[in-house]
Amino acid sequence: MARYLSPKAASLVLAVLLIVAVAVVTLVCSQLSGGSQRVATDAMIKLTIVVGMYMFAGNSGVLSFGHISFLGLGAYSAAWLTISPSIKASLMPGLPAWLIALELHPAAGTVAGGLLASAVALLFGLPLTRLAGIAASIGTFALLVIFYATFSNWTPVTGGQGSLYGLPTFTNLPIAAGVASLTILAAALYQASAAGFRLRGSREDPIAARAVGIDIRRERLIAFVISAFFVGMAGALYAHFLTVVVAGEFYLKLTFITVAMLVIGGMRSLTGAVVGTAFVTLFSELLRQTERGFDLGFVVVGGRLGLQEVGLSAAMLLALIFRPRGITGGRELGGLGTSR
Amino acid sequence: MERNAGDTRNSLTARGVGVHFEGLRALEGIDLDLARGEILGLIGPNGAGKTTLVNVLSGFQEPSVGTVELDGQPTTGWAPHQFPRRGLGRTFQAARLFPDMTVLENVEMAGVGIGLSRSQARDGAAEILDYLGIAARQHVTASALAYGEQRLVGIGRALAITPRYLLLDEPAAGLSPQEAADLLTRITAIRDRYDCGILVIEHNMQLIMKLCDRVQVLARGKTISKGSPTQVQTDQTVREAYLGATHQTGTRVRERVQATVIQDTAPLLKIEDLVVDYGSVRALSNVSIAVGDGEFVAVIGPNGAGKSTLLSAIAGLTRAGSGTISYNGGPLASERTAARVEMGIALVPEGRRILSNLTVEENLRIGQTTRRSELDAARRFEDVLERFPVLRSRLKGYAGKLSGGEQQQLAIARALLAEPKLLLLDEPSLGLAPLMIDSVYETLSALSEGGLTILLMEQNANRALMAADRAYVLRHGTVELDGQADALRVDPAFDRAYFGFDTREGVVTN
Amino acid sequence: MIALQYILDAINIGGLYAMMALGIGLIFGIMRLINFAHGEVVMAGGYAIGLLATLPGPLVIVLSLAFIIALALLIEQTAFRPLRGQDPASLLVASFAVSYFLQNLTVMIFGARPLPFTFAPVLAETIEVAGLRLPLLQFVSLGLMIIALAGVAALLKRTALGIQLRAAAEDVVTARLSGVKVNRVIAFAFVMSAVLAWIVSLIYSAQIGQLSPAMGVRPLIIGFVATILGGLGSLPGAALGGFVVGAISVLLDAVLPADLRPFREAFLFGLVFVILVVRPDGLLRVRAMQERV
């Protein structure tokens with residue numbers, strides 16, 4: 001039936017189905033213990049990150065290693081805008097006086113985090129979108145390192161290696177799930193839009209795309225800026241979830257986990273981004289339980305730190321080798337959104 | 001439909017266009033006019049620069065000199081995506097559809113590309129698919145289409161920008177004769193419907209001659225002839241551009257050592273009913289060829305005839321669909337390329353493919369991987385250098401700096417160092433100056449006289465027929481004609497087998 | 001005197017980066033794979049040397065070297081070979097996964113905390129040359145680097161396998177047609193890069209005096225900068241890039257005000273960014289490459 005819907009209608013149906021899934025998970029988890037709720041909240045934030053990354057990477061075909069920088073920007077914005085002035089004055093004396101004096105509501109800080117990430121994405125995207133293929137991916141990686149080095153060394157403004165504490169607790173499961181749903185809706189609308197469609201054309205065949213009038217740089221830049229906005233918001237939520245901001249969070253580990261979610265699920269579809277996040281979260285939880293060690297009856301397998309990561313990277317390698325298009329094969333749920 | 005030829009407001013024009021890549025002149029001094037409402041054929045042998053010219057006209061290649069004007073507006077500095085927005089549509093040699101998208105989406109993309117909304121573009125796309133008669137296939141994924149359908153969708157996509165000018169790069173390549181005939185009426189109908197100027201590059205001469213109002217012929221990057229199809233067909237310079245000049249003096253026709261072919265002894269290479277498909281395209285259908293021990297055999301055919309495919313199959317770079325290749329009495333099946341090289345099959349690839357970042361000596365050394373004793377290797381190396389004295393003086397220089405002729409010699413020398421029993425060559429005359437071509441052929445004749453078995457693929461028929469003992473004419477993946485080289489040179493059936501029509505009479509037959 | 005010290009530092013650091021860059025460049029040239037896991041090969045080399053340190057010196061060298069080569073070949077066979085021919089982005093993600101896998105496998109086995117590196121403590125002793133007090137390590141590493149770089153150059157220039165490697169890196173089809181066995185050549189590239197990684201392990205572990213699961217990341221990232229600087233795919237470029245990065249980081253250390261020094265990496269990657277955009281072929285464009293049509 002999917003094929004008889006207009007692209008916009010199909011993607012709205014898709015978004016609704018995925019959001020219903022998010023809502024069900026949220027409802028179920030909200031009945032569970034506090035620990036499970038935290039896991040679910042964390043997963044919803046990751047979902048926002050991964051769906052945000054998907055908007056750019058999935059539609060353009062250019063894998064980005066730099067989006068975690070946008071997450072960091074969002075988190076630091078939250079810290080700059082919502083920590084109380086007295087703590088700010090001692091932790092981040094390098095901030096301008098007006099900023100130290102400012103104390104916004106976390107919701108405002110979250111939107112500001114998204115906007116800052118978008119602005120930075122525009123600035124770096126202008127040169128970055130000139131690059132093609134592997135050079136583009138390397139460029140996004142350079143972005144990651146530049147921001148990590150800045151976060152962890154600009155002590156008067158970011159707290160450097162230390163942690164910024166004193167963020168108000170704001171992010172809970174419903175809020176995280178709500179923002180994740182919003183992101184899914186935005187991704188679905190974007191991919192059905194003319195701009196998203198043109199970007200997917202450039203992913204399929206850049207030369208043919210130019211020959212039908214598509215300005216690839218422009219389309220990539222649009223997607224880069226939009227996707228940075230949502231990842232930036234996720235960063236602020238993440239900061240209000242952990243209530244501390246530490247530079248070390250915004251580097252290789254989280255990059256690896258989110259890229260793994262995207263690749264394992266299938267980076268060419270929105271459904272893939274959602275499924276990948278769900279799969280990796282469950283798989284990691286399973287491994288985390290195992291990490292504590294368990295009794296096999298005849299032998300006690302000792303818990304091992306690192307098992308979770310080893311399992312995850314092994315799963316990712318297997319996915320690349322045996323299912324290079326991910327669990328979903330790059331298809332949308334029920335064939336909604338006709339292109340794969 | 002008549003328009004003033006000088007009216008640049010309604011034409012796509014190139015003036016003095018030249019494209020130079022690192023010293024090589026791919027195009028030089030090209031003038032071209034494509035008026036709305038006319039169909040212009042662009043033909044020429046392989047390497048003539050036709051696709052480069054289409055790339056210049058559509059903004060994918062910036063000309064080194066000269067200008068292109070679209071409806072009287074200079075296009076200098078335009079990005080490729082600006083051309084379609086001003087009414088220039090094009091197709092590609094490989095259809096280049098968006099593989100994971102449906103047929104409808106492929107065509108819709110072009111409308112969205114030039115700025116329509118998705119719903120407008122979708123309606124337009126549906127209408128175009130209906131017009132092309134493939135509406136029933138609109139929800140099929142492009143990569144699942146048959147080849148002929150892919151090409152048609154490619155044209156449909158170009159139509160979706162509502163073209164004032166349409167550039168078609170080999171639209172009939174890989175089509176069956178019936179499909180090609182349908183395409184012919186289709187293109188004429190498109191011209192009338194859109195009132196657009198259409199430029200067609202084609203190797204299918206029959207199609208060009210029937211379809212076009214005017215034909216422009218390129219060879220070695222220059223225009224060598226322009227005019228009506230009849231004028232061009234009977235123009236001897238055109239025939240020579242394809243087949244090579246008929247040498248009467250100065251070149252020795254090779255003395256044939258064994259004029260009668262050794263049909264009784266087992267041939268060194270025997271190919272029977274070979275079929276090769278690339279996806280849905282049949283590149284070779286039931287080709288049978290035999291090469292006797294010590295024989296010099298040429299396979300002659302225009303671009304796209306399947307010559308390179310044939311060599312790839314023999315060298316083990318391409319897998320055969322069905323049929324057998326036997327070599328030296330045994331079948332070749334799953335042996336890898338490297339193993340075949342060790343068995344004595346060496347290929348000099350099309351375009352030479354020398355390794356330009358390696359020195360001449362290193363290029364030669366990698367050909368030597370199969371040798372066992374040091375002494376043998378050294379002697380062999382000396383022998384080869386003896387044959388190619390130019391290379392000796394350039395041993396330490398980078399191979400990329402050699403001239404085209406020298407590179408061809410290097411490619412042959414590299415193959416010889418593997419001590420082949422069978423030497424395969426793919427268009428060794430491609431892109432070389434006539435004098436260089438002579439010297440390459442002298443080398444080949446000498447090697448043949450030395451007892452080496454040679455299988456040569458050529459477009460330049462006259463040159464090949466003068467050197468070879470025996471020849472096959474390959475067109476559209478089938479052997480059309482074969483016989484003794486001497487006989488083929490004067491065979492009246494030859495032109496028809498090669499071009500599909502008789503150049504002497506200018507008659508197009510089916 | 002201070003200038004001389006800086007120059008020596010630059011050469012030493014540069015040599016280390018040059019070897020990293022070559023190790024990455026060798027694999028990239030032939031497979032179009034940016035091997036993130038190269039850093040973990042260095043890390044594994046450090047652990048191998050460190051854990052075997054109680055054995056006699058030559059035995060440590062032979063065993064650890066053999067282990068590293070075996071590891072590199074194992075990675076190639078299990079992770080990269082099945083993906084050969086896929087687009088460079090998939091290969092990049094795969095090497096990312098291998099890197100993460102090895103890092104955390106090390107955490108599983110040896111724990112996340114750093115271990116002391118005690119092999120050949122003599123390296124830490126200082127000797128006096130021309131009024132400068134220099135650790136012996138600087139001389140050993142200088143010597144090893146010269147041997148390694150000259151060795152790689154000689155292997156690539158003079159041996160059949162080396163020439164075949166360069167041939168396959170430029171054009172795999174032509175190499176095949178000339179009888180080159182591509183699997184062998186790729187294995188050879190991995191062996192060479194493993195040997196380079198081993199030398200880096202030895203020098204780098206001795207420099208930082210400890211072993212940790214993530215110790216390979218930093219040299220990898222800097223080596224990676226060097227590879228880009230030299231132009232991906234160009235081996236002389238990679239080596240040169242290494243020395244340029246070494247010189248730049250020593251220079252940044254010398255001229256940057258103290259509070260900006262920690263941003264060295266940001267500057268280096270800012271440079272990567274600029275190079276990619278302005279001059280994507282790297283600093284050293286291989287001249288012969290341009291002749292190609």
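Quantities reported herein were computed from a predicted structural model and do not represent experimental measurements. (Residues numbered from 1 in each chain as written. Chains lettered and ligands numbered in written order. Predicted model: local features only at pLDDT ≥ 70, side-chain atom pairs only at ≥ 80, totals over all residues. Heavy atoms only, no water.)

### Re the overall build of chain A
A count of helical and extended segments in chain A gives 15 helices and four strands. Referenced to the eigenvectors of the C-alpha coordinate spread, the extents of chain A come out at roughly 60 × 60 × 35 Å. Classification of the 340 residues of chain A by burial places 60% in the buried group. Looking at chain A alone, contacts between residues at least 24 apart form 78% of all its contacts between residues at least 6 apart. Total accessible area on chain A is roughly 12100 Å²; 69% of this is exposed by carbon and sulfur atoms. The centroid of the 22 positive side-chain charges in chain A is displaced by 8 Å from the centroid of its 12 negative side-chain charges. (Helix = DSSP H or I, 4+ residues; strand = E, 2+ residues; numbered from the N terminus. Buried < 20%, exposed > 50% of the residue type's maximum accessible area, 1.4 Å probe, protein only. Contact = heavy atoms within 4.5 Å. Areas by Shrake-Rupley, 256 points an atom, 1.4 Å probe, with all protein chains shown as cover. Lys, Arg positive; Asp, Glu negative; His and termini not counted. Charge placed at Lys NZ, Arg CZ, Asp CG, Glu CD.)

### Examining the overall build of chain C
Within chain C, the secondary structure is distributed over 12 helices and four strands. Computed over C-alpha atoms, the radius of gyration of chain C comes to 19 Å, within 12% of the 19 Å expected from 2.2 N^0.38 for 293 residues, which places it in the range of a compact globule. By its C-alpha atoms, chain C is 55 × 45 × 35 Å across when sized along the principal axes. Across the 293 residues of chain C, 54% fall into the buried class. By sequence separation, contacts in chain C at least 24 residues apart represent 74% of the contacts at least 6 residues apart. Carbon together with sulfur atoms contributes 70% to the accessible area of chain C, which is approximately 11500 Å² in total. If you average the places of the 18 positive and of the 13 negative side-chain charges in chain C, the two averages end up 9 Å apart. (Rg over C-alpha atoms; globule rule 2.2 N^0.38 Å.)

### Things to note about the nonpolar core
Core analysis: the largest hydrophobic core is formed by 204 residues, its most contacted members being F70 and F141 of chain A together with F269 of chain C. The element best represented in this core is helix α8 (residues 182-208) of chain C, accounting for 16 residues. If we ignore the near neighbours within four places in the chain, the residues touching F141 of chain A are F65 and L252 of chain A together with F36, I221, F224 and F269 of chain C. V281, I300, I354 and L465 of chain B belong to the second largest nonpolar core, which has 109 residues in total. (Core = buried A, V, L, I, M, F, W, Y, C linked by side-chain atoms within 4.5 Å.)

### Digging into the interface of chain A and chain C
Taken together, the 41 residues of chain A in the interface contact 39 residues of chain C. In this assembly, chain A packs against chain C so that about 3500 Å² is buried in total across both faces, 85% of it on carbon and sulfur atoms. Where chain A meets chain C, there are zero salt bridges. Applying the counting rule to chain A against chain C returns one residue pair in polar contact (both at pLDDT 80 or more). At the level of secondary structure, the elements contributing two or more residues to the side of chain A that touches chain C comprise α6 (106-128), α7 (133-153), α13 (252-265) and α15 (307-322) of chain A. No other element matches the 12 residues that α7 of chain A contributes to the side of chain A that touches chain C. Across the side of chain A that touches chain C, the residue classes break down as 30 nonpolar, seven polar and four charged. (Buried area = accessible area lost by both parts, 1.4 Å probe. Salt bridge = Lys/Arg side-chain N within 4 Å of Asp/Glu carboxyl O. Polar contact = N/O pair within 3.5 Å; in protein donor to acceptor, adjacent residues only side chain to side chain. Nonpolar A, V, L, I, M, F, W, Y, C, P; charged D, E, K, R; others polar.)

### Digging into the pattern of salt bridges
All names here are of chain B. Under the definition given, this model contains 37 salt bridges over all chains. With its nearest N and O atoms 3.4 Å apart, the salt bridge here joins E386 to R392. On the basis of relative accessibility, which here comes to 58%, the residue E386 falls in the exposed class. Assessed through its relative accessible area of 34%, R392 is described here as partly exposed.

### Some words on the packing of α15 of chain A against helix α4 (residues 88-110) of chain C
Remark: α15 of chain A packs on α4 of chain C, axes separated minimally by 8 Å, with the N-to-C direction vectors making an angle of 155°. When the axis of α15 of chain A is compared with that of α4 of chain C, the two are roughly antiparallel. When the axes of α15 of chain A and α4 of chain C are compared, the crossing they make is left-handed. Only S90, V93, A94, A97, V98, Y100, F101, N104, L105 and M108 of chain C of α4 of chain C make contact with α15 of chain A, whose side of the interface consists of L307, E309, V310, S313, A314, M316, L317 and L320 of chain A. Residues of the contact of α15 of chain A with α4 of chain C, tallied by class, amount to 14 nonpolar, three polar and one charged. (Axes fitted to C-alpha atoms, helices over the stretch in contact; angles between N-to-C directions. Parallel < 35°, antiparallel > 145°, perpendicular 65-115°, else oblique. Left-handed = near helix turned anticlockwise from the far one by under 90°.)

### Some points on the confidence of the model for chain C
Of all residues in chain C, 95% attain a pLDDT of 70 or more, and the chain-wide mean is 86. Interface confidence in the predicted complex, given as ipTM, is 0.89; pTM for the same model is 0.87. (pLDDT = per-residue confidence, 0-100.)

### Let's talk about α8 of chain C
All names here are of chain C. For α8, built from 27 residues, the straight-helix expectation of 39 Å at 1.5 Å per residue is met to within 8% by its first-to-last C-alpha distance of 38 Å. By the criterion of burial, α8 is predominantly enclosed, with 19 of the 27 residues buried. Two residues or fewer past α8, G209 is found with a positive phi of approximately 70°. (Expected span 1.5 Å × (residues − 1).)

### Describing the side chain of N104 of chain C
Of note, N104 of chain C is situated in helix α4. Using a relative accessible area of 9% as the deciding quantity, one classes N104 of chain C as buried.

### Structural notes on the sheet that holds strand β1 (residues 11-21) of chain B
Residues and elements named next belong to chain B. The four strands are arranged β2-β1-β4-β5 in an open sheet whose pairing can be described as antiparallel. One side of each edge strand has no neighbouring strand; the edge strands of this open sheet are β2 (24-35) and β5 (73-74). Sheet analysis places β1 next to β2, joined by eight bridges and oriented antiparallel. Bridging from a neighbouring strand, T13 pairs with D33 of β2. (Pairing = 2+ DSSP bridges.)

### Points about the sheet that holds strand β7 (residues 165-169) of chain B
Residue and element names in this part refer to chain B. What the six strands build is an open sheet, ordered β6-β7-β8-β3-β9-β10; its pairing is mixed. Each edge of the sheet is formed by a strand with only one pairing partner; in this case those strands are β6 (88-90) and β10 (222-227). Pairwise comparison of adjacent strand axes, ignoring direction, gives a mean angle of 20° for this sheet. Taken together, the five bridges between strand β9 (residues 214-219) and β10 define a ladder with antiparallel strand orientation. Residue A219 lies in a different strand from β10, and its bridge partner there is K222. Lying on the sheet, helix α1 (residues 50-57) is in contact with β3 (39-43), β6, β7, β8 (197-201) and β9; it crosses β8 at an angle near 150°.

### Things to note about the environment of H203 of chain B
Residue and element names in this part refer to chain B. Here H203 is to be found in the loop between β8 and α7 (205-211). Under the relative-accessibility criterion, H203 is labelled buried at 11%. Between the C-alpha atoms of H203 and R25, which are 178 residues apart in sequence, the distance is 22 Å. A polar atom in the side chain of H203 sits 3.3 Å from the side chain of E170.

### Some words on a nonpolar patch on the surface
Side chains of V16, V20, V24, V28 and L32 of chain A sit close together on the surface and give an oily, nonpolar patch of about 420 Å² of accessible area. Topologically, V28 of chain A is positioned in helix α1 (residues 7-30). (Patch = residues over 30% accessible without salt bridge, like charges linked within 9 Å, V, L, I, M, F, W, Y side chains within 5 Å.)

### As for the packing of helix α2 (residues 38-51) of chain C against α4 of chain C
Residue and element names in this part refer to chain C. For the pair α2 and α4, interaxial distance at closest approach is 9 Å and the crossing angle is 25°. Looking at the two axes, α2 sits roughly parallel to α4. When α2 is examined against α4, the residues E40, M43, Y47 and L51 are found in contact with a partner set consisting of S99, L102, Q103, T106 and F110. For the contact of α2 with α4, the class distribution of residues is five nonpolar, three polar and one charged.

### Points about the packing of aromatic side chains
Scanning the model with the defined rule gives 25 aromatic pairs over all chains in all. Ring plane angle 70° and centroid distance 6.3 Å describe the contact between F151 of chain A and F250 of chain A, whose orientation is recorded as edge-to-face. With F151 of chain A in helix α7 and F250 of chain A in the loop between β2 (244-246) and α13, the pair connects residues that are 99 residues apart, well separated along the chain. Residues F60 of chain B and F92 of chain B carry aromatic rings whose centres are separated by 6.1 Å and whose planes lie at 85° to one another, so their mutual orientation is edge-to-face. Of the two residues, F60 of chain B sits in the loop between α1 and β4 (65-70) while F92 of chain B sits in the loop between β6 and α3 (103-113), which places them 32 residues apart along the sequence. Relative accessible area serves as the criterion here: at 8%, F92 of chain B is assigned to the buried category. Lying over the aromatic face of W78 of chain B, R86 of chain B brings its terminal NZ or CZ to 4.1 Å of the ring centre. (Phe/Tyr/Trp six-rings, centres within 6.5 Å; stacked < 30°, edge-to-face > 60°. Lys NZ or Arg CZ within 6 Å of the ring centre and 35° of its normal.)

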